[in-house]
Amino acid sequence: MKLLSKENVNNGRQPEIDMVKAIAIIFMIIIHTYQGCNGGCEGLGISFLGYFAGFFGAGSFMICMGIGMRYARNHTPKDYIIRGLALLTVSQLVNLLRLSIPSLVLYEATDKTFNLGYVLDVIQTDILTFAGLAFLLMAALTALRLKDECIFAIGLVLNFLMVPCAAFIPHIESFWTDRLLSLLIATDSALFPICTHFIYVSFGYLLGGLYMRIEDKKHLAGRVLLFCLPIVVIYYALRMSFPFPLMAEYIPEDEPSLGTDALAVCLDTVILLALCYKFTERNGLKAPSFMNHLSKYINSYYCVSEVILGIIVAIRFLIDIDGIKSTTILYLCSFLLIILCFLIIEINARYIHFTIAGLKGTKAIIVYTSIWAATFVIVAYAMSEISDFSVIYSFYN
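Residues numbered from 1 in each chain as written. Predicted model: local features only at pLDDT ≥ 70, side-chain atom pairs only at ≥ 80, totals over all residues. Heavy atoms only, no water.

Mapped onto the fold, Met291 is located in helix α12 (residues 289-296). Through-space distance from the C-alpha of Met291 to that of Cys37 is 25 Å; in sequence the pair is 254 residues apart. Contact partners of Met291, with chain neighbours within four places excluded, come to Asp18, Met19, Ala22 and Ile23. (Helix = DSSP H or I, 4+ residues; strand = E, 2+ residues; numbered from the N terminus. Contact = heavy atoms within 4.5 Å.)

Below, the structure is given as structure tokens:
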């Protein structure tokens, strides 16, 4: 049976892709709530959260981003550059609101120097920073008119090169050297460096191009579950039982993303897509409306939830409140946070209509410049307050 058409036959929104994006952002918010508000939660619910992060987590989010590049109405190199710069700027605004400003308030209130470390977190490889850099890299690669397979091969090579680098790169003492390199490679403070995680975006870009041409998604979903599911089960059984050359111990909650671990996440996401298609097939080829909302505003959910969590964490430290000790309450708080995000996003969509990415002309220049200027000012102030830099360096290292 022919699986792929020569022409695009799956244009427009795909409900199963919307579901995967919704699942990714739901669990991202739950995971971040756990990281920011955990007071010693343990048990099956937390273990599940850790394994979900390892099997899907940020990788699925990035794969969906790559798929979205193919489905976007505007997908020229120029469009990718504009989108990349917008995402970098939004990332800076989020980092200012969730980390730097609350931490600066904590520093002024407590005079504890270690809070300046969080202030300096305005410069970091956050997932939105990574997304901005990924769009810029994709702009360069598509400008060269490289085939989808070639772009994925570049992502694959960059990722596998990071396996020995992560194992042998020496500890970097200089804070700023570490920070700048963390945008590119796996350093002590790196979260989502472009060389390790671009494989997900490039795979999503390749997958999106193929997905548009699938003639029989029902048949293909069955094949994916039949062949891919056993592969990942066997892989994770081996990965968790035996050491792999040059690769660190597999700890799911650390979201392993190097070498074969990255390829496993790619397969995990393909399996999740197949499962979501099976669900939508039973639901009249439709995703639940709330999941459509989560998918449509996925970046907004991330930004709003991160700012709210940043403020909550700062208040916790300021008035010395214990974290959440019950797994049930942790999950409940996560879902309440999602509902709060929904209300804020809906109010903005209906009445305020504020969006940084949608700004153009003079307004865009003013807003973008103000955000970057605020970044440099707050970094300069934090650095001027540090008398013993070893306090900050030890904070990160």
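When the terminal C-alpha atoms of helix α10 (residues 217-239) are compared, their 31 Å separation across 23 residues agrees well with the 33 Å that a helix rising 1.5 Å per residue should span. At Cys228, α10 shows its maximal kink, close to 30 degrees; a proline, Pro230, follows between one and four residues later. Among the residues of α10, those classed as buried are Lys217, Ala221, Val224, Cys228, Val232, Tyr235, Tyr236 and Arg239. Packing partners of the buried residues in α10 comprise α1 (15-37), α2 (44-55), α9 (194-211) and α11 (260-282). (Expected span 1.5 Å × (residues − 1). Bend = angle between axes of the 7 residues up to and from the residue. Buried < 20%, exposed > 50% of the residue type's maximum accessible area, 1.4 Å probe, protein only.)

This paragraph deals with the environment of Ala262. Mapped onto the secondary structure, Ala262 falls in helix α11. As a C-alpha pair, Ala262 and Ile329 span 67 residues in sequence and 32 Å in three-dimensional space. Apart from residues no more than four positions distant in its own chain, Ala262 is found in contact with Asn159, Ile199, Tyr200 and Ser257.

Moving on: a nonpolar patch on the surface. Residues Leu332, Leu336, Ile339, Leu343, Ile347, Tyr351, Ile352 and Phe354 make up a contiguous nonpolar surface patch of about 850 Å² in total accessible area. Structurally, Leu332 is set in helix α14 (residues 327-352). Here Leu332 falls in the partly exposed class, since its relative accessible area comes to 49%. (Patch = residues over 30% accessible without salt bridge, like charges linked within 9 Å, V, L, I, M, F, W, Y side chains within 5 Å. Areas by Shrake-Rupley, 256 points an atom, 1.4 Å probe, with all protein chains shown as cover. Salt bridge = Lys/Arg side-chain N within 4 Å of Asp/Glu carboxyl O.)

Before going further, it helps to examine the pattern of salt bridges. Counted under the stated rule, the structure contains nine salt bridges. Lys218 is the salt-bridge partner of Glu281, the closest N and O atoms lying 3.6 Å from each other. You can see Glu281 sitting in helix α11 and its partner Lys218 sitting in helix α10, a full 63 residues away along the chain. Exposure remark for Lys218: the relative accessible area of 48% places this residue in the partly exposed category. A salt bridge links Asp261 to Arg239, with the nearest nitrogen and oxygen atoms 2.9 Å apart. Remark: Arg239 occurs in helix α10 and Asp261 occurs in helix α11; sequence separation between them is 22 residues. This pair shows no difference in class: Asp261 is buried, exactly as Arg239 is. Put simply, Arg98, Asp126 and Glu306 are held in one network by salt bridges that share partners.

Turning our eyes to something else, we now look at the packing of helix α7 (residues 148-168) against α11. Direction vectors running N to C along α7 and α11 enclose 140 degrees, while the axes themselves pass 9 Å from each other. Classed by the angle they form, the pair α7 and α11 counts as oblique. The segment α7 lies against α11, with Phe152, Leu156, Asn159 and Phe160 engaging Thr260, Ala262 and Leu263. When the residues that make up the contact of α7 with α11 are grouped by side-chain class, the tally is five nonpolar, two polar and no charged. (Axes fitted to C-alpha atoms, helices over the stretch in contact; angles between N-to-C directions. Parallel < 35°, antiparallel > 145°, perpendicular 65-115°, else oblique. Nonpolar A, V, L, I, M, F, W, Y, C, P; charged D, E, K, R; others polar.)

Attention now goes to the side chain of Thr142. Within the fold, Thr142 resides in helix α6 (residues 127-143). Here the side chain of Thr142 touches Ala139 through a polar contact of 3.2 Å, landing on its backbone oxygen. Setting aside its immediate chain neighbours within four residues, Thr142 contacts Pro77, Tyr80, Ile151 and Tyr205. (Polar contact = N/O pair within 3.5 Å; in protein donor to acceptor, adjacent residues only side chain to side chain.)

Closest axis-to-axis distance for the helix α4 (residues 77-110)/helix α13 (residues 298-319) pair is 8 Å, and the angle between their directions is 10 degrees. One element, α4, and the other, α13, form an angle in the roughly parallel class. Where α4 abuts α13, its residues Arg83, Leu87, Val90, Val94, Leu97, Arg98, Pro102, Leu106 and Ala109 lie against Asn299, Tyr302, Cys303, Glu306, Val307, Gly310, Ile311, Ala314, Phe317 and Leu318. Taken together, the residues of the contact of α4 with α13 break down into 14 nonpolar, two polar and three charged.

Further remarks concern the state of the cysteines. Applying the stated criterion across every chain yields a total of zero disulfides. Of the cysteine sulfurs around Cys165, a residue in no disulfide, the closest is that of Cys195, at 8.3 Å. The class for Cys165 is partly exposed, based on a relative accessible area of 27%. (Disulfide = S-S within 2.5 Å.)

A few words on the packing of aromatic side chains. On inspection of all chains with the given rule, the structure shows 12 aromatic pairs. When the ring of Phe27 is compared with that of Phe52, the centres are 3.8 Å apart and the planes differ by 20 degrees; the resulting orientation is stacked. Of this pair, Phe27 sits in helix α1 while Phe52 is found in helix α2, placing the two residues 25 residues apart along the sequence. In terms of burial, Phe27 and Phe52 fall into one category: buried. Of the aromatic side chains, those joined through ring pairs into one cluster are Tyr51, Phe55, Tyr235, Tyr236, Phe244 and Tyr250. Looking at Arg70, its charged tip hangs above the ring of Tyr205, at a distance of 4.7 Å from the centre. Above the ring of Phe244, the side-chain terminus of Arg239 is found at 5.2 Å from the ring centroid. (Phe/Tyr/Trp six-rings, centres within 6.5 Å; stacked < 30°, edge-to-face > 60°. Lys NZ or Arg CZ within 6 Å of the ring centre and 35° of its normal.)

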